[in-house]
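If you want the building blocks of each chain, they are given just below.
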Amino acid sequence: MRYAMAVDTKKCVGCSDCVVACQTENNVPIGYCRDWIVEVVDGTYPQLELEIRSERCNHCANSPCVRCCPTGASHYSDGGIVLVTHDECIGCGACIASCPYDARYPHPDGYVDKCTFCIHRVREGQQPACVEVCPTKCLYFGDLEDPESDVSKVLKKRKYKTLIPEAGTDPQLYFLI
Amino acid sequence: MTYENILIFISNHIMKSTRRDFIKIAAVGAGGLATSGGLFSWARANFFEEVPNAPGMTRTPTYCEICFWKCAGWVYKNEKGEIQKIIGNDEDPHCNGRLCPRGTGGVGMYYDEDRLKTPLVRRTVNGKQVFEPASWDEALDVVAQNLKKVAKEHGPECVALFTHGSGGKFFGDLLKAFGSENITAPSFAQCRGPREVAFLSTFGEIIASPERTDIRDTRCLVLIGSHIGENMHNGQVQEMSDAIDNGATIITVDPRYSTAASKSKYWLPIKPSTDIALLLAWINVIINEEWYDKKYVEKYCYGLEELKNHVKTFTPEWAYGITTIRPDVIYETAREMANASPAVIIHPGRHVTWYGDDTQRLRAVAILNALLGSWGRRGGFYSPEKKDLPSYPHPEFPKPKRTWRDAHPGKYNLALEVVSNDICDSTIPSPDRACNFKAWIVNGTNLIFTLPDQKKTLEAIQSLEFMVVIDTMPMEITGYADVVLPECTYLERYDYCRTDQHREPNIALRMPAAEPKYDSKPAWWIAKKLASKLDLDEYFKWNDIEELLDWQLKKVGTSLEEMKKVGVKKFPREYDDLYFYDDQEIQFNTNTGKIELYSTDLAAEGFVPMPVYTPHEEPQTGFYRLNYGRSPVHTFSRTANNPNLTDLMDENVLWVNPKVAKEWSLKAGQKIWLENQDGVLSTFPIKVRITERIRFDSVYMVHGFGHAEKRLTRSYGKGVSDTELITNVKTDPIMGGTGMRSNFVTFHVEDPHRKEVES
């Protein structure tokens, strides 16, 4: 099993619904977020291009955050989902520094927090909150090892990229372009 | 002195005050009065459903009140009984189980600690006007006495209701029972009015809401200044995404590179205010090339020959000089539309009050759709249906002696709804008017941020004898009220069921997920109590809202009990099909019974029967056209203080083209002040966003920021209010709409307010 997510940049309108849904689903305190929107503008008026991306933890298969965690709080879970065990986290911040995607934040309660791909929902057979809420249906989630999963099917059909592949972390967040 | 006498004394005193000082809410007397117990037994969690896969969670149905799309959803409460999240209802055609960011962030409206907490009554203490907390009984007595006084001295017609939201229906019932039909929503004359009048005069039907655009099945979607995706009109955003998946062509006409423009095959960066020229050139090409749907036009349309002659000279070459859009692009995009015909939508937009000739621009849009045969066709415009719920039995409403139209007879005859700005105008005393408004009831609309020309709005308010504002938040308008009544949020109340049109007729229930916080009350309760104090009980015969809703629901074969379980219920269509069938004989609801390319309605009223292009004002040197729009995370000025939504966006920024920024030596993020063509300065500064996405002759900001009410702690002083800079209003002579895009601003890099003080 290998969980992954694909983001269709051709459909994403950058509305931030994924951000709010994640906050209310996971009780993320106001002022913090586990996912966010990036807009990249290219060109000169009127020859322009705009790429909009909903970003979050890349749940890398070769995660520097897991490797550098001194207590083992950061670990791989079901299907390669990278998690932080809050009780074991000492809030040292090594993982925050090691993440090329800036996907982690220090929770005010003293531990480091990040996207979990909503593992509590996935285990119940549901989609992550961001995927379920997205009005443009631009997020696809599932098991890459299952050829019938939404994410496998869309990656087979479409051209895609990953972010900062040169970091060698084997990211599992794919952007359809 | 009896209690009653004291009240009369107070209200007289209020009326005699010559000036209505703006009062900052709760400037006096902290905290509310004790809540009256027992009143809200109906609201206790006497109904909830355990949620599968979420142990300990319960859910109750609602429909959203953050915007007019009114998506139905479920309010989830955790094991402690606290509202945690709101999730879309899968059965709801408005949202298909997916709420937008504002709906998802609706919890913030409930938790906002800046909410209005208790009724407030304006009183003068030591020569200073202040709001004093009052009990509901006391506050409603003041309202009733003042309304009665106005009715006695001037007639009940001199009371007007401004409303935007579900609760307004109860106040509408109240006002009609009181004897006035002057019930107005700024959503007509400040927003979608021109398109409704234009489509009615062309097709005999309006667009209404949610829009009947069949985007999900379209092959070509043309957006003219409509920024779907930034305006988060949920169903449309969802269907545009489906259309992208299906490979539909999107053509976006906008001086700004909007999100929708970035999803488009063609982006036409038009010179602002020249849209009609482009539309006429498209019509010219489609007629000249004979690309129109001949069978459809011949069978259903009236006035093709007149139109042919009318557009003869409006060639793409002619339009090039006006719009800056190259003739070959105009030609090519016309070809795209014709290729997709009839599955093509020239989108009518929603906020379309721009330049004062808006009804005519929307007529050009309607004509183009008619030529391409998209009205009543799959992928064009479908035929919507709604399930009406019967009104609870009540005596016939009294017939008012006058309406708002009597204020200036003969004006705006084609307006379909009451024109808000006209009520405002007619409130300012003038000897040549038969009717001046003396009292306003304002519910859920912050008129200071809604109506352009704030000076006039304030002048009207100062002319009033009485104003009561019912809102959930201490919006600017509350500061000018005589009585402020705290409404509870949609998560704490029942309202009438949602019965909006859609492909399938459907209704949605809103019920309270929690008891009202503080001493706030639902609109139905306020209206019913007030009715009682105005001796209008017979119009509100139901004992409580559950009885009313259950009675209505049983009339259509369901019940409150069932609706609590399902939230949304669909009904079979009763009238016609979603689309016209081949060779269907159709009698359109127009004077000629046909789709009117040549409008007999407009001709009869003395307007040009077919649209023409008129040049509009252009910016002077050093000034830039002020364009404004929406953010997907905010609704009007309504959500600017919502903790969840301000977390995403807590201020607006000014989009400036890099060339302009260079000329002014502006840096990204620099705070500047704006001054408009009439010398009006922005109260607050705004941060500069330097971006290629805006034309050199315009600037852009999101509407609804720059709040000057300090009790809105999260939004006070954040960004600039576009409304305060909109003082040049171009009124549409056809329907009274307020064109707001002929305003121009220049920049101040130093605080101009400080300069004024020093000199």
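Scoring rules and cut-offs
Residues numbered from 1 in each chain as written. Chains lettered and ligands numbered in written order. Predicted model: local features only at pLDDT ≥ 70, side-chain atom pairs only at ≥ 80, totals over all residues. Heavy atoms only, no water. Helix = DSSP H or I, 4+ residues; strand = E, 2+ residues; numbered from the N terminus. Rg over C-alpha atoms; globule rule 2.2 N^0.38 Å. Buried < 20%, exposed > 50% of the residue type's maximum accessible area, 1.4 Å probe, protein only. Contact = heavy atoms within 4.5 Å. Areas by Shrake-Rupley, 256 points an atom, 1.4 Å probe, with all protein chains shown as cover. Lys, Arg positive; Asp, Glu negative; His and termini not counted. Charge placed at Lys NZ, Arg CZ, Asp CG, Glu CD. Domains from an automatic or database assignment. Buried area = accessible area lost by both parts, 1.4 Å probe. Core = buried A, V, L, I, M, F, W, Y, C linked by side-chain atoms within 4.5 Å. Axes fitted to C-alpha atoms, helices over the stretch in contact; angles between N-to-C directions. Parallel < 35°, antiparallel > 145°, perpendicular 65-115°, else oblique. Left-handed = near helix turned anticlockwise from the far one by under 90°. Salt bridge = Lys/Arg side-chain N within 4 Å of Asp/Glu carboxyl O. Polar contact = N/O pair within 3.5 Å; in protein donor to acceptor, adjacent residues only side chain to side chain. Phe/Tyr/Trp six-rings, centres within 6.5 Å; stacked < 30°, edge-to-face > 60°. Lys NZ or Arg CZ within 6 Å of the ring centre and 35° of its normal. Pairing = 2+ DSSP bridges. pLDDT = per-residue confidence, 0-100.

A few points about the overall build of chain B
Helix and strand content of chain B: 25 helices and 27 strands. Since a compact globule built from 759 residues should have a radius of gyration of about 27 Å, the 26 Å found for chain B is in line with a globular shape. The C-alpha extent of chain B, read off along each of the three principal axes, is 85 × 70 × 60 Å. Counting all 759 residues of chain B, 66% fall into the buried class. Taking as baseline every contact in chain B between residues at least 6 positions apart, the subset at least 24 positions apart corresponds to 75%. Carbon and sulfur atoms form 49% of the exposed surface of chain B, whose accessible area is close to 26,800 Å². In chain B, the 91 positive side-chain charges and the 101 negative ones have mean positions that sit 2 Å from each other.

Some thoughts on the overall build of chain A
Along the backbone of chain A there are six helices and ten strands. Whereas a compact globule of 177 residues would reach a radius of gyration of roughly 16 Å, chain A reaches 16 Å, a difference of no more than 12%. Summarising its shape, the C-alpha atoms of chain A cover approximately 50 × 40 × 35 Å along the three principal directions. Partitioning the intrachain contacts of chain A with sequence separation of at least 6 by distance along the chain shows that 56% fall at a separation of at least 24. About 7,400 Å² of surface is accessible on chain A, with carbon and sulfur atoms providing 49% of the total.

Looking at the domain arrangement of chain B
Residues and elements named next belong to chain B. Here the domain parsing of chain B yields domain 1 (1-30 + 138-185 + 418-450 + 457-486), domain 2 (194-384 + 586-604) and domain 3 (624-758). On a C-alpha basis, the centres of domain 2 and domain 3 stand 30 Å from each other. The interface is formed by 28 residues belonging to domain 2 together with 26 residues belonging to domain 3. Counting the surface lost from both domain 2 and domain 3, the interface buries some 2,000 Å², and carbon and sulfur atoms represent 56% of this. Considering only the side of domain 2, the residues that lose the most area to domain 3 are Arg-256, His-351 and Tyr-355, jointly responsible for 24% of the buried surface there.

Quick look at the nonpolar core
Residues and elements named next belong to chain B. Membership of the largest hydrophobic core comes to 76 residues, with the highest contact counts inside it found for Phe-199, Trp-282, Met-337, Ile-346 and Leu-371. At eleven residues, the largest contribution of residues to this core is made by helix H9 (residues 275-288). Not counting residues up to four positions away in its chain, the partners in contact with Met-337 are Cys-220, Val-222, Ile-251, Trp-282, Val-344, Ile-346, Leu-368 and Leu-372. Grouped together as the second largest cluster of nonpolar side chains are 54 residues, Ala-523, Trp-525, Leu-549 and Phe-571 included.

Focus: the packing of helix H4 (residues 136-154) of chain B against helix H18 (residues 523-533) of chain B
Any two packed helices are characterised by how steeply their axes cross, that is the angle between the axes, and by the distance between the axes. All names here are of chain B. Packing of H4 against H18 brings their axes to within 9 Å, and their N-to-C directions diverge by 55°. On the basis of their axis angle, the class for H4 and H18 is oblique. With respect to the hand of their crossing, H4 and H18 are arranged in right-handed fashion. Taking contact as the criterion, the partners of Trp-136, Asp-137, Leu-140, Asp-141, Val-143, Ala-144 and Lys-148 in H4 are, on H18, Trp-525, Ile-526, Lys-529, Leu-530 and Lys-533.

Overview of the interface of chain B and chain A
Of the residues lining the interface, 40 residues belong to chain B; the matching set on chain A comes to 41 residues. For the pair chain B and chain A, the interface holds four salt bridges. Close ionic contact of Asp242(B) with Lys137(A) constitutes a salt bridge, the shortest N to O distance being 3.4 Å. For the interface between chain B and chain A, the tally reads 18 residue pairs in polar contact (both at pLDDT 80 or more). If you list the elements that add at least two residues to the side of chain B that touches chain A, you get strand E4 (83-88), helix H2 (101-104), helix H7 (234-245), helix H8 (259-262) and helix H22 (643-646) of chain B. Ranked by the residues each element gives to the side of chain B that touches chain A, the list is headed by H7(B), at seven residues.

Regarding the packing of aromatic side chains
Counted under the stated rule, the structure contains 34 aromatic pairs over all chains. An angle of 40° between the planes, with centres 4.7 Å apart, marks the rings of Phe314(B) and Trp318(B) as tilted. Classification of Phe314(B) by relative accessible area gives buried; the value is 12%. Counting every residue linked through ring pairs, the aromatic cluster contains Phe170(B), Tyr496(B), Trp524(B), Phe540(B) and Trp542(B). Across the ring face of Phe175(A), the terminal group of Arg53(A) is positioned such that the distance to the ring centre comes to 5.8 Å.

Here's the deal with the pairing of strand E15 (residues 466-471) of chain B
Residue and element names in this part refer to chain B. Counting buried positions along E15 yields six of six residues, so the element is predominantly enclosed. Burial along E15 is two-sided: the face carrying Phe-466, Val-468 and Ile-470 and the face carrying Met-467, Val-469 and Asp-471 are both buried. Relative to strand E16 (residues 483-486), E15 runs parallel, the two being bridged by four bridges. Looking across to E16, one finds that Ile-470 is bridged to Leu-485.

Here's the deal with the sheet that holds strand E8 (residues 183-184) of chain B
Residues and elements named next belong to chain B. The seven strands lie next to each other as E6-E5-E16-E15-E14-E7-E8, forming an open sheet whose pairing is mixed. Whereas interior strands pair on both sides, the edge strands pair on one side only; in this sheet they are strand E6 (128-133) and E8. Across six bridges, the pairing between strand E5 (residues 120-125) and E6 is antiparallel. Pairing of Val-125 across the sheet is with Lys-128, part of E6. In this fold helix H5 (residues 168-178) packs onto strand E7 (159-163), E8, strand E14 (439-443) and E15, with an angle of close to 170° to the strand it touches most, E7.

Let's talk about the sheet that holds strand E11 (residues 266-268) of chain B
All names here are of chain B. Reading across from one edge, E11-E10-E9-E13 is the order of the four strands in this open sheet, with parallel pairing throughout. Single-partner strands in this sheet number two, and they are E11 and strand E13 (344-346). On average, adjacent strands in this sheet sit at an angle of 10° to one another, irrespective of strand direction. Pairing of strand E9 (residues 220-224) with E13, which is carried by three bridges, proceeds in the parallel orientation. When the bridges of E13 are listed, Cys-220 appears paired with Val-344. The strands that helix H14 (residues 358-371) touches are E9 and E13; relative to E13, the one it contacts most, it runs at about 165°.

So, the confidence of the model for chain B
Residues and elements named next belong to chain B. Scored by pLDDT, chain B has a mean of 92; 92% of the residues are at 70 or more. Overall, residues 1-19 carries pLDDT values under 50, and its contacts beyond four positions in sequence, including any with other chains, amount to 21 contacts. For residues 26-46, every residue scores under 50 in pLDDT, and the model assigns this stretch 38 contacts once sequence neighbours within four places are set aside.

Thoughts on the environment of Val237(B)
Along the chain, the position of Val237(B) falls in helix H7. Its relative accessible area of 1% is what places Val237(B) among the buried residues. In this view, Val237(B) contacts Val13(A), Thr136(A), Ile228(B), Gly229(B), Asn231(B) and Met232(B); residues no more than four positions away in its chain are not counted.

A look at the pattern of salt bridges
Residues and elements named next belong to chain B. Here the structure, examined in full by the defined rule, presents 68 salt bridges over all chains. As a salt-bridge pair, Glu-196 and Arg-192 come within 3.0 Å of each other at their nearest N and O atoms. Residue Glu-196 and its partner Arg-192 are both found in helix H6 (residues 186-203); the two are separated by four residues, about one turn of the helix. Note on accessibility: Glu-196 and Arg-192 belong to one class, buried. A salt bridge links Lys-308 to Glu-305, with the nearest nitrogen and oxygen atoms 3.6 Å apart.

Let's talk about helix H19 (residues 545-555) of chain B
Residue and element names in this part refer to chain B. Inspection of H19 places Ile-545, Glu-546, Leu-548, Leu-549, Asp-550, Gln-552 and Leu-553 among the buried residues, and these make up the whole buried set. Where H19 is buried, its residues contact H5, strand E17 (506-508), H18 and helix H20 (560-566). Between the side-chain oxygen at the start of H19 and the backbone nitrogen of Glu-546 there is a gap of 3.0 Å, and the oxygen is on Asp-544. Count one or two residues on from H19 and you reach Gly-557, which has phi positive near 85°.

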